[in-house]
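Listed below are the residues making up each chain.
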Amino acid sequence: MPDADDALLEAFAKILRKQRNAAGLSQEELAHRAGVSMRYVSLLESRRHQPSLATIHGLCQGLGLSMVELIGAVEAEFSERGQH
């Protein structure tokens, strides 16, 4: 069973990808809007990197979401996996 950090990172990656797709954005477009590289978005979505608060803020701006909306969705996904 993955530890809580791994499960949280997996939940973030899943929600980021889901929200990006729902917004109809490519990784490249989200990266441009968020002020990060496309490679970095790819690393986030593949659970190879943990974002800073500043990066989360930029991603939310790019997605047209509040930080509360994004983190709330991540928390719900995390909780569904039985993590607390």
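In what follows, the structure referred to is the one given above.
A brief look at the structure comes next. Here the structure is a predicted model, which is why all the values come from computation and not from measurement. (Residues numbered from 1 in each chain as written. Predicted model: local features only at pLDDT ≥ 70, side-chain atom pairs only at ≥ 80, totals over all residues. Heavy atoms only, no water.)

## Things to note about the overall build of the protein
Counting its regular elements, the protein contains 5 helices and 0 strands. Its helices and strands in sequence order give the protein the pattern α-α-α-α-α, from N to C terminus. A compact globule built from 84 residues should have a C-alpha radius of gyration of about 12 Å, and the protein, at 12 Å, falls within 12% of that. Judged by the C-alpha coordinates and their principal axes, the protein covers about 35 × 20 × 20 Å. Within the protein, the proportion of its 84 residues that are buried is 36%. Look at the contacts in the protein between residues 6 or more apart in sequence, and 60% of them connect residues 24 or more apart. A total of about 5,100 Å² of accessible surface is found on the protein, and carbon and sulfur atoms cover 50% of it. Both charge centroids of the protein, one from 9 positive and one from 11 negative side chains, sit 6 Å from each other. (Helix = DSSP H or I, 4+ residues; strand = E, 2+ residues; numbered from the N terminus. Rg over C-alpha atoms; globule rule 2.2 N^0.38 Å. Buried < 20%, exposed > 50% of the residue type's maximum accessible area, 1.4 Å probe, protein only. Contact = heavy atoms within 4.5 Å. Areas by Shrake-Rupley, 256 points an atom, 1.4 Å probe, with all protein chains shown as cover. Lys, Arg positive; Asp, Glu negative; His and termini not counted. Charge placed at Lys NZ, Arg CZ, Asp CG, Glu CD.)

## Examining the packing of helix 1 (residues 4-22) against helix 5 (residues 67-80)
Orientation of helix 1 relative to helix 5, taken along the N-to-C sense of each, is 125°, at an axis distance of 8 Å. Comparing the axis directions of helix 1 and helix 5 gives the class oblique. Crossing hand, helix 1 versus helix 5: right-handed. For the pair helix 1 and helix 5, contact is made by Ala 4, Ala 7, Leu 8, Ala 11, Phe 12, Lys 14, Ile 15 and Gln 19 and by Leu 70, Ala 73, Val 74, Glu 77 and Phe 78, respectively. By residue class, the composition of the contact of helix 1 with helix 5 is 10 nonpolar, 1 polar and 2 charged. (Axes fitted to C-alpha atoms, helices over the stretch in contact; angles between N-to-C directions. Parallel < 35°, antiparallel > 145°, perpendicular 65-115°, else oblique. Left-handed = near helix turned anticlockwise from the far one by under 90°. Nonpolar A, V, L, I, M, F, W, Y, C, P; charged D, E, K, R; others polar.)

## Some remarks on the pattern of salt bridges
Considering all chains together, one arrives at 4 salt bridges under this definition. The salt bridge involving Arg 20 is made with Glu 45; its shortest N-O contact spans 2.6 Å. Of this pair, Arg 20 sits in helix 1 while Glu 45 is found in helix 3 (residues 38-45), placing the two residues 25 residues apart along the sequence. For the pair Arg 20 and Glu 45, a shared accessibility class is recorded, and that class is buried. Among the charged side chains, a salt-bridge network with shared partners connects Arg 17, Arg 20 and Glu 45. (Salt bridge = Lys/Arg side-chain N within 4 Å of Asp/Glu carboxyl O.)

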